[in-house]
Amino acid sequence: MSLFPIFQTTGSGLYANRVWMDAVADNLANMNTAKPFDQPAFQARYVEVQSVPGEGNDPVGVGGGVKVVGAQFGSAEGQLRYDPTNPLANKDGLVRYPDIDLADQMTQLIQAQRSYQLNLTVIDRARESYQQAIGIGVK
Amino acid sequence: MGAINAILGLIPGAGGLGSTGAAGATPVAGAQGAQGAQGAQAADGSFGNSITNALDGLNATQSNADGLAVKAATGDLTDVHNYTIAAAEANLATEFTVQLRNRAVETFNDIMKMQI
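Rules used throughout
- Residues numbered from 1 in each chain as written.
- Chains lettered and ligands numbered in written order.
- Predicted model: local features only at pLDDT ≥ 70, side-chain atom pairs only at ≥ 80, totals over all residues.
- Helix = DSSP H or I, 4+ residues; strand = E, 2+ residues; numbered from the N terminus.
- Buried ≥ 20, exposed ≤ 12 C-beta atoms within 10 Å, placed from the backbone.
- Contact = placed C-beta atoms within 7 Å.
- Rg over C-alpha atoms; globule rule 2.2 N^0.38 Å.
- Nonpolar A, V, L, I, M, F, W, Y, C, P; charged D, E, K, R; others polar.
- Core = buried A, V, L, I, M, F, W, Y, C linked by C-beta atoms within 7 Å.
- Expected span 1.5 Å × (residues − 1).

Chemist: Whenever I open this one, the overall build of chain B confuses me. Can you help?
Modeler: When helices and strands are counted, chain B shows four helices and zero strands. Starting at the N terminus, the α and β elements of chain B follow one another as α-α-α-α. Residue burial in chain B is summarised as follows: out of 116 residues, 28% are buried. Restricting the contact set of chain B to residue pairs at least 6 apart, pairs at least 24 apart contribute 45%.

Chemist: Would you mind showing me how to read the overall build of chain A here?
Modeler: Scanning chain A from N- to C-terminus turns up two helices and four strands. Helices and strands appear in chain A in the N-to-C order α-β-β-β-β-α. Over its C-alpha trace chain A gives a radius of gyration of 22 Å, far above what one expects of a compact globule, namely 14 Å for 139 residues. Considering only C-alpha atoms, chain A reaches an extent of 80 × 30 × 15 Å along its principal axes. Across the 139 residues of chain A, 22% fall into the buried class. Partitioning the contacts of chain A with sequence separation of at least 6, the portion at a separation of at least 24 is 63%.

Chemist: Is there a simple way to think about the interface of chain A and chain B in this case?
Modeler: Buried accessible area, meaning the area lost when the parts come together, often serves as the stated size of an interface. On the side of chain B, eleven residues touch chain A, which itself brings twelve residues to the contact. Those elements that provide at least two residues to the side of chain A that touches chain B are helix 1 (5–29) and helix 2 (102–134) of chain A. Split into classes, the residues belonging to the side of chain A that touches chain B amount to eight nonpolar, two polar and two charged.

Chemist: Please clarify how the nonpolar core should be interpreted in this entry.
Modeler: One broad trend across soluble globular proteins is that nonpolar side chains are buried collectively. Formed by F7(A), I123(A), Y130(A), L58(B), A65(B), L68(B), I85(B), A86(B), A88(B), A90(B), L92(B) and A93(B), the largest nonpolar core amounts to twelve residues. For this core, the secondary structure elements donating two or more residues are helix 2 of chain A together with helix 3 (47–74) and helix 4 (80–112) of chain B. A per-element tally of this core places helix 4 of chain B first, with six residues. Other than its neighbours up to four places away in sequence, L92(B) contacts F4(A), R127(A), Y130(A) and Q131(A).

Chemist: I'm lost on helix 4 of chain B in this one. Help?
Modeler: Each α-helix turn comprises 3.6 residues. Residues three or four places apart therefore point the same way. Given a rise of 1.5 Å per residue, 33 residues ought to cover 48 Å, and the 48 Å separating the end C-alpha atoms of helix 4 of chain B matches this to within 8%. Tucked inside the fold, the buried residues of helix 4 of chain B contact helix 1 and helix 2 of chain A together with helix 3 of chain B.

Below you can see the structure in the form of structure tokens.
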């Protein structure tokens, strides 16, 4: 337990949200990654997180932040598009594109960004509070 | 009496006024000392010891921040917030330690100026 435990907790939140933004960035970057018909499409990444239990001497059961435990993958089937000019197309002219919805990804991006900002605000407030606590009784 | 002992406990070598013979008090114990003399009987010795511990902790915090600053400069830093959080923590720890020291010195001076 450090002297300023909030930083650890909020830091974990910042990290988780950064990873979330990374995942969205990866999904968006691969939105147009075409694959041949007989191969799996690019699978959207979804970050999986878990809450961290508080440290031993915590009396009321307040947790210790969030932990990134891994990524889940979206559909490998993707969506088939008719695109006969594409060099990857099969004899029916079908190409496999990832099943990623732009609006959904943008919504997630906004959520992740806001959530990141939220954690930054918590850090700011915590720092302010600690500073005031340190300043108790200063003439 | 407990309160006075607690304050004196903050000063190395000042001992206690009463017969409790408290060797000293940690700053935290000193704050609680107003409630009773047992606050002055801190477990781990003098104010000197506790400030040494505080400085050790401060040093660790700062070297952590320094290490991350080097990483930022060399491009090995993976998360910007890691460094800024460490820097803020080091800043707070420094402020805290300086405050501890200031108050101890202030108390010491107050007692030295006491009319006998």
